[in-house]
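One letter stands for each residue in the lines below.
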Amino acid sequence: MPAKIVVTDITKSFSTAKGPLNVISAINFTVDDGEFVAIVGPSGCGKTTLLNIIAGFVRPDRGQVVVDGTAICGPSPKRIVISQQGSVFPWLTVRQNLMFGLNGHHPDKMALADRYVSMVGLKGFEKGYPHELSGGMLKRVELARALVVKPEILYMDEPLSALDALTSLQMRIELRRILSEDRHTCVLITHDVDEAIHLADRILVLSARPAAIQAAFEVPFPHPRNLLSPEAVALKVAILREFGL
Amino acid sequence: MGKVRQVLPSLVMAALLVAVWWALVVETRSVIFPTPAQVVMAMADLVRQGTLWDHIGASLFRVGAGFLLAVAIGVPLGLWMGWVKGAFTTLNPLVQILRPISPIAWIPLAILWFGVGDLSPIFLIFLSSVFPTIVQTADGVHTIDRKYIQAADNFGVTRAKLFLQVVIPAVLPQIIVGMRVSLGVAWLVVVAAEMIALRSGLGYLIIDSRNAGNRYDLVVAGMVIIGITGLLLDSVMRRLERLKLVGWRYAR
Ligand SMILES: Nc1ncnc2c1ncn2[C@@H]1O[C@H](COP(=O)(O)OP(=O)(O)OP(=O)(O)O)[C@@H](O)[C@H]1O
Ligand SMILES: [Mg+2]
């Protein structure tokens, strides 16, 4: 079976006042259909840039991204991005936010939206506005808005890093539960090694800027995972060693 | 109780000012400058004659017409200039040149083109309101956070939906601020415009009272009414800012 996403030789530099800034240098990797790949890297190494290129928002200087055998040339509703800063529309209610992406023919958009609202545990907040919600609840809305359009691929840019440790853990568990029901191919950008080990089937470690793939790790543990198991701890140590820690 | 406490300081301040005014008039034995009591009497006279409401109504009508026209033209134009780069680079220099010309400077041309009827002040109001509206709206479009446009792009929505559900709601708070500013300027301008021509309106009331027998009590009464009406107009616009549609902007 051919890979779902094939990233070939992606290179990107930005021109700045102090001359060109190499952000990404020749990155290659593939993601299989239904696979969950986490990409970890130090802060500022170019993770968001890489994701923006893979999602089709930014053109690379060199290289290409192929999804299902065709090179992409822009974003698509089949590949939804959950951005780092969050992009839930503050002027729409929770329900309206979820219905925003439902463009095709759906017999009952509102019922579908409400089903996903309750799936992320926000039943009762359908008519609420984003500014009435907590940070964790906002992330749930963002996740639900992405899932309701049934994307084949979910790109997540540090979706949980703004949350406190407990909420973040809760969200990881829920994300895993949702993924066991609805199948998606996932690429998760994070700087949290625990989060990567908890969620992913495979972890790619990026070097400092310009980002390049420095190492790759399989995560062969069955779900639900125990991060305190000796194998998980050993994996964490091995990944942290890549960062020189 | 809390409301009373909020307006109390400004009421005390106003009372203090009136007291100083009164004391000064009495102290200087001015025969021409009115005391607060005389101004109140003059206002009561205007109310009794029924002309007060006519003057206020005439001024409000002109402001309303010019202002609504400015919003109807300025908002779409501002949205277009904000969204389409070519439109901005073409029209913005023109807007920036016309904007600093005081509407008062247009009065001679207005009279030349539209005579001394209602059209002249409406045209001047329109001029004073349309530029702030255009500038605020275009600026609002320019400052929409890219992440929202990107998210809308990601979901592959139509242009119409992008405009109706992302661009316009995102800019609405700025549009309302622009409307508040331009309504304030419009009120300023209508009174000035009425001083020069016409036969009704608060500006006319002031000039006519002075010319016909130095009725300074009526002059000051007119000024007070202009101020109070301006305050009321502003509080109506402030109420718009509290609409649910733009509440997100002011929360947090
Ligand atoms: N549009 C741009 N123009 C110029 N430089 C940019 C641009 N976007 C990003 N950069 C630079 O590229 C580098 C990588 O940015 P990027 O946002 O991809 O990092 P990141 O790994 O996502 O960081 P973080 O972990 O903080 O989210 C940074 O040094 C940033 O300053
Ligand atoms: Mg980032």
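You'll find the structure just up there.
Throughout, a residue's number is its position along its own chain's written sequence, starting from 1. Think of it this way: whatever chain is written first is A, whatever ligand is written first is 1, and the rest follow in order. In keeping with the predicted nature of the model, local features appear solely for residues at pLDDT of at least 70, side-chain atom pairs appear and are counted solely at 80 or more, and the whole-chain, interface and lining totals rest on all residues. Only heavy atoms go into the side-chain values, all of them from the structure, while hydrogens and water stay out.

Draft legend 1. Local environment of the coordination of the magnesium ion (ligand 2). Donor atoms: N, O and S within 2.8 Å of the metal, or within 3.2 Å for Na, K and Ca. Because water is excluded, sites can look incomplete. For the magnesium ion (ligand 2), the protein coordination sphere consists of T48 of chain A (OG1) and Q84 of chain A (OE1), at 1.9 to 2.2 Å. Linking T48 of chain A in helix α1 (residues 47–55) with Q84 of chain A in the loop between β6 (79–82) and α2 (94–100), this pair joins segments that are 36 residues apart in sequence. By definition, any uninterrupted DSSP run of H or I lasting at least four residues is a helix, any uninterrupted run of E lasting at least two residues is a strand, and each is numbered from the N terminus.

Draft legend 2. Broad picture of unusual backbone geometry. Residues and elements named next belong to chain A. The residue after R209, namely P210, is reached through a cis peptide bond having omega -5°. Looking at the secondary structure, you find P210 in the loop between β9 (202–206) and β10 (213–218). A cis amide bond links H223 with the next residue in sequence, P224, at an omega value of -10°. Following the sequence through the fold, P224 ends up in the loop between β10 and α7 (230–242). In this model, E158 sits at a positive phi of 40°, which is unusual for a non-glycine residue. Inspection of the secondary structure puts E158 in the loop between β7 (153–157) and α5 (165–181).

Draft legend 3. Highlighting the pattern of salt bridges. Any Lys or Arg side-chain nitrogen located within 4 Å of an Asp or Glu carboxyl oxygen qualifies as a salt bridge. Scanning the model with the defined rule gives 20 salt bridges over all chains in all. Taking the shortest distance from any N to any O, the salt bridge between K12 of chain A and D61 of chain A comes out at 3.7 Å. Of the two residues, K12 of chain A sits in strand β1 (residues 5–16) while D61 of chain A sits in the loop between α1 and β4 (62–67), which places them 49 residues apart along the sequence. Judged by its relative accessible area of 12%, K12 of chain A falls in the buried class. Only protein chains enter the accessibility calculation, which uses a 1.4 Å probe; a residue whose area is less than 20% of its type maximum is buried, one above 50% is exposed, and one in between is partly exposed. For D61 of chain A, a relative accessible area of 45% translates into the label partly exposed. Here D114 of chain A ties to R95 of chain A by a salt bridge, and the two come within 3.0 Å at their closest N and O atoms. Residue D114 of chain A is located in helix α3 (residues 109–119), and its partner R95 of chain A is located in helix α2; the two are separated by 19 residues in the primary sequence. The class for D114 of chain A is buried, based on a relative accessible area of 19%. Shared partners join several salt bridges into a network, and the residues in it are R180, D234, R238 and E241 of chain B.

Draft legend 4. Expanded view of the site of ligand 1. All names here are of chain A. Whether a residue is near a molecule or strand is decided by its heavy atoms; if any one of them lies within 4 Å of it, the residue is near. Near ligand 1 lie 13 residues; those nearest to it are G46, K47, T48, T49 and Q84. Here K47 contributes a side-chain N or O atom positioned 2.8 Å from an oxygen atom of ligand 1. N or O atoms within 3.5 Å of each other form a polar contact, as long as, within protein, one can give a hydrogen and the other can take it, and as long as residues adjacent in sequence are counted only when both atoms are side-chain atoms. In this structure, Q84 approaches ligand 1 through a side-chain N or O atom, which is 2.9 Å from an oxygen atom. The protein chains hide 62% of the 630 Å² of surface that ligand 1 would expose on its own. Residue assignment for the shell around ligand 1 shows that the elements contributing at least two residues are β2 (19–31) and α1. In terms of residues, the shell around ligand 1 owes the most to one element, α1, which gives 3 residues. Looking at the shell around ligand 1, its residues break down into 4 nonpolar, 6 polar and 3 charged. The Shrake-Rupley method, run with a 1.4 Å probe, gives the accessible areas here. Residue values count only the displayed protein chains as cover. Residues are grouped as follows: Ala, Val, Leu, Ile, Met, Phe, Trp, Tyr, Cys and Pro are nonpolar; Asp, Glu, Lys and Arg are charged; all remaining types, including Gly, are polar.

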